[in-house]
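Residue strings, one per chain:
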Amino acid sequence: MPIIMKILSHKTRFGLQIMRTLTKETRRYSSTISTQNLENNNQNTINVNTGSKDETVSLDYRFVYPEFLPDPNPLHRNYIREKLERMDMIARRSQIDIPEFYVGSILAVTYSEPHAPGKVNKFVGICIQRKGCGLRASFLLRNVIDNQGVEVLFNMYDPSLQKIDCLRLEKRLDNELLYLRDAPLEYSTFPFDMDAELLPLGSPVPINDIKVPLNPRPWLERWERKELKGATNIIVCQRRYKKAVAHATPWEKYDLMKIYRETIPEEEQKDIFAEVQSSLHDLEIVRHKQKHIRTFVRPKKRG
């Protein structure tokens, strides 16, 4: 019996060594192969936004598709799981059009009600937060209904989502707009019958530099401790102002190691997006063709 256990344990260790070796070799050779494919694709790929050849098209994808980048925490990394998730994300995007949007864009989401079979709802709101990576990516929409702020959290790759439309594509000055909860309601009110505002082909994403005044205290969070660029009227007493100054960490923006630990290296970003570049590029072509069909107006015959 001990001899059999030793043989099994030896085979198990040998199998694990083979798996580790294959994983390392796959990562090593996949990066070189994907880089070669990226260079070959860049020679024949035309940038849809600028109309010219783009040598770093994969680096632009980190802003358009941030959920394809994994969690930078090494304790949460698993290369096999991440690869499988990217395959599932591409398969889901082939079934539903997930447009380009940022925090501050106006979205209309059509989804099926899980507790009422056959019922379909639609929610329109401004994106105030976008977080998560992989299949756990989500975005938070906010709108005002009957003088009451309503927020709905959607999982981006939820099968219950039937349609996602970007009614107004724009950016804001801040990465999160959670301070709209303590702002006047008119800054979060959008009609449900809002028409889509299509940008001309090749135009950059506009940046809305609006300054939102906050309501008087009390607030849901200590906004004076956050460096908000799009909020004004942050008036606090001297005691709270001193506490905000004491808790401030202006040196963190110069901490290169902290920035490195919170981001994915550029070389790894190239490998990730080179893996899914061809699929994303084909989906972008289909999306722009559909947008052209929607904007086309057939001329009327003159009598």
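This structure is a prediction, so every number in the text was calculated from the model and none was measured.

The rules behind each value
- In every chain, residue numbers begin from 1 and rise along the written sequence.
- Local features are withheld for residues below a pLDDT of 70 in this predicted model, meaning they are given only at 70 or higher, and side-chain atom pairs are given and counted only at 80 or more; totals for whole chains, interfaces and linings count all residues.
- Hydrogens and water are ignored here; the side-chain numbers use all heavy atoms of the structure.
- In this description a helix means any DSSP run of H or I spanning at least four residues, a strand means any run of E spanning at least two, and both kinds are numbered starting from the N terminus.
- Here the term buried applies to any residue with accessible area under 20% of the maximum for its type, exposed to any over 50%, and partly exposed to those in between, with areas from a 1.4 Å probe on protein chains only.
- The contact definition used throughout considers only heavy atoms, calling two residues in contact when any of these lie within 4.5 Å.
- Note on areas: these come from Shrake-Rupley sampling with a 1.4 Å probe, and a residue is covered only by the protein chains present in the view.
- The criterion for strand pairing is that DSSP finds at least two bridges linking the strands in question.
- Structural elements are reduced to axes, namely lines fitted to C-alpha atoms, with helices fitted over the stretch in contact, and the angle between N-to-C directions of any two is expressed from 0 to 180 degrees.
- Here, nonpolar core means buried Ala, Val, Leu, Ile, Met, Phe, Trp, Tyr and Cys residues that are tied together by side-chain atoms lying within 4.5 Å of each other.
- Salt bridges are defined by distance alone: a side-chain nitrogen of Lys or Arg within 4 Å of a carboxyl oxygen of Asp or Glu.
- Ring pairs shown here join Phe, Tyr and Trp side chains whose ring centres sit within 6.5 Å, with only the six-membered ring taken for Trp; geometry is labelled stacked below 30 degrees between planes, edge-to-face above 60, and tilted in between.
- pLDDT measures how confident the predictor is about each residue, on a scale from 0 to 100.
- The residues that make up patches have over 30% relative accessible area and no salt bridge, and they are joined within 9 Å when like-charged or within 5 Å when they are Val, Leu, Ile, Met, Phe, Trp or Tyr.

A few words on the overall build of the protein. Along its length, the protein carries six helices and seven strands. Helices and strands appear in the protein in the N-to-C order α-α-α-β-β-β-β-β-β-β-α-α-α. Counting across all 303 residues of the protein, residues that qualify as buried make up 33%. Relative to all contacts within the protein whose residues are 6 or more apart in sequence, the contacts with residues 24 or more apart total 66%. Taken as a whole, the protein presents about 20,100 Å² of accessible surface, with 56% of it coming from carbon and sulfur.

Along the polypeptide, A248 turns up in the loop between helix 4 (238-247) and helix 5 (256-261). Looking at A248, the relative accessible area reads 35%, which means it is partly exposed. When the C-alpha atoms of A248 and E227 are compared, they prove to be 9.3 Å apart, with 21 residues separating the residues in sequence.

With antiparallel pairing, five strands are arranged side by side in an open sheet as 4-3-2-1-5. Strands at the two margins of the open sheet, each flanked by one partner only, are strand 4 (148-155) and strand 5 (161-168). Adjacent strand axes in the sheet meet at a mean angle of 35 degrees when their direction is disregarded. With six bridges joining them, strand 1 (residues 106-112) and strand 5 adopt antiparallel strand pairing.

The next point concerns the nonpolar core. Of all hydrophobic cores here, the largest spans 30 residues; its most connected members are F68, F139, L141 and F154. Put simply, the parts of the chain that give this core at least two residues each are helix 2 (57-64), helix 3 (79-93), strand 1, strand 2 (120-131), strand 3 (138-145), strand 5 and helix 6 (266-295). The greatest single-element share of this core, amounting to four residues, is contributed by helix 6. Setting aside its immediate chain neighbours within four residues, F139 contacts F101, L107, V109, C127, Q129, R130, V152, L153, F154, M156 and I164. Judged by nonpolar contacts, the second largest core, of 21 residues, contains I106, A108, L167 and Y179.

Turning our eyes to something else, we now look at the pattern of salt bridges. A complete count under the given rule lists 17 salt bridges for this structure. We note a salt bridge from R81 to E85, for which the minimum N-O separation is 3.3 Å. One end of the pair, R81, and the other, E85, are both in helix 3, four residues apart, so they sit about a helical turn from each other. Residues joined by salt bridges that share partners form a network here, namely E67, R93 and R130.

Along the chain, the position of V103 falls in the loop between helix 3 and strand 1. Classification of V103 as buried rests on a relative accessible area of 12%. As a C-alpha pair, V103 and E170 span 67 residues in sequence and 7.9 Å in three-dimensional space. In contact with V103, other than residues within four places in its own chain, are C127, I128, Q129, R130, E170, K171, R172, D174, N175, E176 and L177.

Let us look at the packing of aromatic side chains. Taken as a whole, this structure holds eight aromatic pairs when the rule is applied. Judged by centre distance (5.3 Å) and plane angle (85 degrees), the rings of Y61 and Y65 are edge-to-face. Overall, Y65 belongs to the buried group, its relative accessible area being 2%. Between F123 and F192, the ring centres sit 5.9 Å apart and the planes meet at 85 degrees, which makes this aromatic pair edge-to-face. You can see F123 sitting in strand 2 and its partner F192 sitting in the loop between strand 5 and strand 6 (212-213), a full 69 residues away along the chain.

Another aspect to go through is the confidence of the model for the protein. In this model, the protein carries an average pLDDT of 81, and 76% of its residues clear a pLDDT of 70 or more. Under a pLDDT of 50 for its full length, residues 21-57 has, in the predicted model, 31 contacts with residues more than four places off or in other chains.

This brings us to a nonpolar patch on the surface. Together, I80, L84 and M87 line one region of the surface with nonpolar side chains, adding up to about 300 Å² of accessible area. Structurally, I80 can be placed in helix 3. Looking at I80, the relative accessible area reads 48%, which means it is partly exposed.

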